[in-house]
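Per-entry structural report
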Amino acid sequence: MSETAQRTADHRPYFFLSYAHTPRYGAGGPDPDMWVERLFRELCSHVMAMTDLPAGAPAGFMDREIRSGEGWSERLGDVLANCRVFVPLFSPRYFASEMCGKEWYAFAQRAIYHQTKSNRPAEAIVPALWVPVPPEQLPGPAERLQFNHRAFGDRYVSDGLYGLIKLKILTEEYEAAVYELAKRIVAVAASTRVTPGSPVDYRHAPSAFGRPGGPRPMHLTVAAPTHHDLPEGRAPDYYGKLSQDWNPYHPDSARPLASMAQELVRSLDYQATVSSFDHEPLPDATQPPARPEILVVDRWALVDDRRCTRLAAFDATPRPWVTVVVPWNRDDPQSRHSEAELAERLERTMPHAMNHGRPACRAAARGVFSIEAFGQILPQVVEASAQEFLRHAEVYPPAPPPGAARGERPRLRGPMADYGTTQYVPDTLRGTAHDAEDTDDSQS
């Protein structure tokens, strides 16, 4: 390791403490976040004692230190791109915070890139209970974490760190829980080694916590050759037995793109499913959509006449809830040599996908040239597809509850209601999601 790289590594914080700021109760009242600051100082002290961090190196980071300073967003993005472990303080307020959701997503996408490039899991999120949260209130990314809170003590599980720190009779339980948390941080930092990433623009980052009502559906369809039907002379290194095995960014990536895309979509609190375009029947254009979709297309797939015809038929009927993404690796010699020809073939086959939709969707259809660029644009196209789905899907209100007043007009919640809580809507209000949802047409 060079001297410059060593200095950079020495100044990577061991952990990033992510928490929801608590507003003061009344003017001039005590700052409720002082308890979080105490926890942070004690964690830093333990981490320094347990490691060989050099003098002056940061053991941890909490965003309050720079929240009011210049370059706050840039500094936050830089730390999230380089810290070793992410420590979210669970509480109901935490999962209601868009800022905390952005921090979670910025770190989680690093772990996804790491696994994609190394084909090794990167579980570097160590959650802590500030205030206990019922399991049913956890968003998908938090619910999927495999973490045993019981190892930190029964009172920690029932009261959280906030309860332990506030009650003097629980001082020993608090100190034991903090010590165990610090040990877990150090162990994970030593065993996982998540690769530093490029800073995420925090101001425009999505939240990992989605919206109230639970995970929403999102389907990924892959249009790509397999080992069995490769174009003549095409290198097989990028393909597998199934279309979903396509790995366009090989050798930089060690996993199929569909696996990475599914993880990124799930990190946005969606229920992500994946299938092959070859095995999906073309949807009936006269029917409302069943789900938002992302269609991932390999330009080499267009060399096959049958697949090309199906893609042209798909594009002939506008489906704004389906966004086309075209990964393209210019470091692949064959792709670079055939880029102009294949790009022209795609433009001729799918002109609507190439020239309609939001700017991000058009950019995604014209070529995404790296894993990092794919990860940056995917949240934008996911959101675009989800919003268009809400505009075009049919609403299915439930039967009226017992005792509902005649003429009652509760709010219609839209087609995603099957994935959350649905409220009763009288038959006279039944319509489309476009009638019920406030949407932004400015970018459509």
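Below is a summary of the structure that appears in this document. (Residues numbered from 1 in each chain as written. Predicted model: local features only at pLDDT ≥ 70, side-chain atom pairs only at ≥ 80, totals over all residues. Heavy atoms only, no water.)

1. Digging into the packing of aromatic side chains
Applying the stated criterion across every chain yields a total of 16 aromatic pairs. On the numbers, 5.8 Å between centres and 15 degrees between planes, the contact of phenylalanine 16 with phenylalanine 86 is stacked. Here phenylalanine 86 lies in strand S3 (residues 85-90) and phenylalanine 16 lies in strand S1 (residues 15-18), a separation of 70 residues in the sequence. For the pair phenylalanine 16 and phenylalanine 86, one class covers both residues: buried. Consider the rings of phenylalanine 86 and tryptophan 104, whose centres lie 6.0 Å apart with planes at 70 degrees: the pair is edge-to-face. Within this pair, whereas phenylalanine 86 is found in strand S3, its partner tryptophan 104 is found in helix H5 (residues 98-118), the two being separated by 18 residues in sequence. Each member of the pair phenylalanine 86 and tryptophan 104 is classed as buried. The ring of phenylalanine 277 carries arginine 310 above its face, with NZ or CZ at 4.7 Å from the centroid. The positively charged end of arginine 319 is found above the aromatic ring belonging to phenylalanine 314, 4.6 Å away from the centroid. (Phe/Tyr/Trp six-rings, centres within 6.5 Å; stacked < 30°, edge-to-face > 60°. Helix = DSSP H or I, 4+ residues; strand = E, 2+ residues; numbered from the N terminus. Buried < 20%, exposed > 50% of the residue type's maximum accessible area, 1.4 Å probe, protein only. Lys NZ or Arg CZ within 6 Å of the ring centre and 35° of its normal.)

2. Focus: the environment of alanine 108
One can find alanine 108 in helix H5. With a relative accessible area of 10%, alanine 108 lands in the buried category. For the pair alanine 108 and alanine 122, spaced 14 residues apart in sequence, the C-alpha to C-alpha distance is 9.4 Å.

3. Some details on the pattern of salt bridges
In the structure shown here, the tally under the stated rule is 17 salt bridges. Across the salt bridge formed by glutamate 180 and lysine 183, the nearest N and O atoms sit 3.6 Å from each other. Of this pair, glutamate 180 and lysine 183 are both found in helix H8 (residues 171-192), 3 residues apart, which corresponds to roughly one turn of the helix. Lysine 183 sits in the partly exposed class, given a relative accessible area of 37%. The salt bridge partner of aspartate 332 is arginine 234, with a shortest N-O separation of 2.9 Å. Taken as a pair, aspartate 332 in the loop between strand S8 (322-325) and helix H11 (333-349) and arginine 234 in the loop between strand S5 (216-223) and helix H9 (257-266) lie far apart in primary sequence, 98 residues in all. The buried category is assigned to aspartate 332, whose relative accessible area is 2%. Several salt bridges share partner residues, and in doing so they unite Asp229, Asp278 and Arg307 into one network. (Salt bridge = Lys/Arg side-chain N within 4 Å of Asp/Glu carboxyl O.)

4. A closer look at the side chain of serine 267
Here serine 267 shows up in the loop between H9 and strand S6 (270-276). Note on serine 267: relative accessible area 7%, which makes it buried. In this structure the side chain of serine 267 is engaged in a polar contact, spanning 2.6 Å, whose partner is the backbone oxygen of leucine 264. When near neighbours in sequence (up to four residues on either side) are disregarded, serine 267 contacts Tyr105, Ile112, Pro141, Arg144 and Ala208. (Polar contact = N/O pair within 3.5 Å; in protein donor to acceptor, adjacent residues only side chain to side chain. Contact = heavy atoms within 4.5 Å.)

5. Notes on helix H13 (residues 359-366)
The periodicity of an α-helix, 3.6 residues per turn, causes residues three or four places apart in sequence to face the same way. Buried residues of H13: Ala360, Cys361, Ala364 and Ala365, and no others. Each buried residue of H13 sits inside an arc of 135 degrees when the element is viewed along its axis, so together they form one side. For H13, the secondary structure elements touched by its buried residues are S8, H11, helix H12 (351-355) and helix H14 (371-392). One or two residues past the end of H13 sits glycine 367, with phi positive at roughly 130 degrees. (Arc of directions from axis to C-beta.)

6. Describing the pairing of strand S7 (residues 293-297)
Summarising burial for S7: 5 of the 5 residues are buried, a large majority. Two elements, S5 and S7, share 5 bridges in a ladder whose sense is parallel. Across the sheet, the residue bridging to histidine 219 is glutamate 293, located in S7. Judged from the 4 bridges that link them, S7 and S8 form a sheet pairing that is parallel. Residue pairing for S8: isoleucine 294 is matched across the bridge by threonine 323. Each parallel crossover has a hand, and the one from S7 via helix H10 (residues 305-316) to S8 is right-handed. (Pairing = 2+ DSSP bridges. Right-handed = clockwise from strand over helix to strand, strands pointing away.)

7. Quick look at the sheet that holds S1
Reading across from one edge, S2-S1-S3-S4 is the order of the 4 strands in this open sheet, with parallel pairing throughout. The open sheet terminates on both sides in strands that have one partner only, identified here as strand S2 (60-62) and strand S4 (128-129). Here S1 pairs with S2 via 3 bridges, running parallel. Bridging from a neighbouring strand, phenylalanine 16 pairs with phenylalanine 61 of S2. Contacts from H8 reach S1, S3 and S4 within the one sheet, and its direction differs from that of S3 by about 150 degrees. (Axes fitted to C-alpha atoms, helices over the stretch in contact; angles between N-to-C directions.)

8. Comments concerning the packing of helix H3 (residues 72-82) against H5
Helices that pack against each other are described as a pair by the angle of their axes relative to one another and the distance between those axes. Two numbers describe how H3 lies on H5: the axes approach to 8 Å, and their chain directions differ by 40 degrees. Our classification of the angle between H3 and H5 gives oblique. Crossing hand, H3 versus H5: right-handed. On H5, the residues that touch Trp72, Leu76, Leu80, Ala81 and Asn82 of H3 are Met99, Glu103, Ala106, Phe107 and Arg110. For the contact of H3 with H5, a count of residues per class yields 7 nonpolar, 1 polar and 2 charged. (Parallel < 35°, antiparallel > 145°, perpendicular 65-115°, else oblique. Left-handed = near helix turned anticlockwise from the far one by under 90°. Nonpolar A, V, L, I, M, F, W, Y, C, P; charged D, E, K, R; others polar.)

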